[in-house]
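# Structural description and commentary
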Amino acid sequence: MVAAGLNPPEILKYDAELAEMIPEGEDILAKHDKVRAVKWQKRYNAIMKARYDAVQRFAATSIAAANAITNTFGGVHRDTCRDGMGRNTCAAPQSGSRDPQLPDGFSDWCQNPANPTQLVPCNH
């Protein structure tokens, strides 16, 4: 996921820490050591929270960048045709406002489902 640019590089550090904890966790389970289990679980939860927070920050940045690109070129087609504020995002462009670079028969730009960082012609 990191190599594909879908997760931040810093999560590798958290994944390595979690991998190092596995043998200790298996030992705790085998010995039914409840005291060590509580300490282990707190450490595990802290690492998972830090990992989750890193992914959320990365996703927020990526989504904001994609939205900025999309909004520049007229929005993304949504089945509901409503954005978060209830505004119609699928309204047909007003006459004369059509992008001259769009091929005939297409009225808007949409995110490419295969690559959300690209815009492709679409027809709502």
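Residues numbered from 1 in each chain as written. Predicted model: local features only at pLDDT ≥ 70, side-chain atom pairs only at ≥ 80, totals over all residues. Heavy atoms only, no water.

Let us look at the overall build of the chain. Looking only at helices and strands, the chain features two helices and two strands. Mapped in sequence order, the helices and strands of the chain form the string α-α-β-β. Counting over 124 residues, the chain shows a buried share of 20%. Here the analysis covers contacts within the chain between residues at least 6 apart in sequence; of these, 38% occur between residues at least 24 apart. When the accessible area of the chain is evaluated, it comes to approximately 9000 Å², of which 59% is carbon and sulfur surface. (Helix = DSSP H or I, 4+ residues; strand = E, 2+ residues; numbered from the N terminus. Buried < 20%, exposed > 50% of the residue type's maximum accessible area, 1.4 Å probe, protein only. Contact = heavy atoms within 4.5 Å. Areas by Shrake-Rupley, 256 points an atom, 1.4 Å probe, with all protein chains shown as cover.)

Helix length check: helix 1 (residues 11–31), at 21 residues, gives a terminal C-alpha distance of 30 Å against a target of 30 Å (1.5 Å per residue), a fit within 8%. Considering bend angle alone, the principal kink of helix 1 is centred on Ile 22 and spans about 35°; proline Pro 23 follows within four residues of it. Those residues of helix 1 that sit buried are Ile 11, Tyr 14, Leu 18, Met 21, Gly 25 and Ile 28. Taken from the residues just after helix 1, His 32 is the one with a positive phi, measuring 50°. (Expected span 1.5 Å × (residues − 1). Bend = angle between axes of the 7 residues up to and from the residue.)

The subject of this paragraph is the side chain of Asn 7. Inspection of the secondary structure assignment puts Asn 7 in the segment before helix 1. Beyond its immediate stretch of four places on either side in the chain, Asn 7 contacts Met 1, Val 2, Val 55 and Phe 58.

As enumerated under the stated definition, the model contains seven salt bridges in all. The residue Arg 36 makes a salt bridge to Asp 27 at a minimum N-O spacing of 2.9 Å. Its salt-bridge partner being Lys 49, residue Asp 53 comes within 2.8 Å of it at the nearest N-O pair. On the criterion of helical spacing, the pair formed by Asp 53 and Lys 49 is a turn pair, its members being four residues apart in helix 2 (residues 34–72). Beyond isolated ion pairs, a larger network of salt bridges with shared partners links Asp 27, Lys 31, Asp 33 and Arg 36. (Salt bridge = Lys/Arg side-chain N within 4 Å of Asp/Glu carboxyl O.)

Relative to the elements of secondary structure, Val 120 occurs in strand 2 (residues 115–122). C-alpha of Val 120 to C-alpha of Trp 109: the two residues are 11 residues apart in sequence and 5.5 Å apart in space.

With seven residues, the main nonpolar core is built from Ile 11, Tyr 14, Leu 18, Met 21, Ile 47, Ala 54 and Val 55. If you list the elements that add at least two residues to this core, you get helix 1 and helix 2. Looking at which element gives the most residues to this core, the answer is helix 1, with four residues. (Core = buried A, V, L, I, M, F, W, Y, C linked by side-chain atoms within 4.5 Å.)

This part takes up the confidence of the model for the chain. Chain-level pLDDT for the chain is 76 on average; 59% of the residues reach the 70-or-more range. Confidence drops under a pLDDT of 50 for residues 76–80, and excluding neighbours within four residues, the segment shows nine contacts in the predicted structure. (pLDDT = per-residue confidence, 0-100.)

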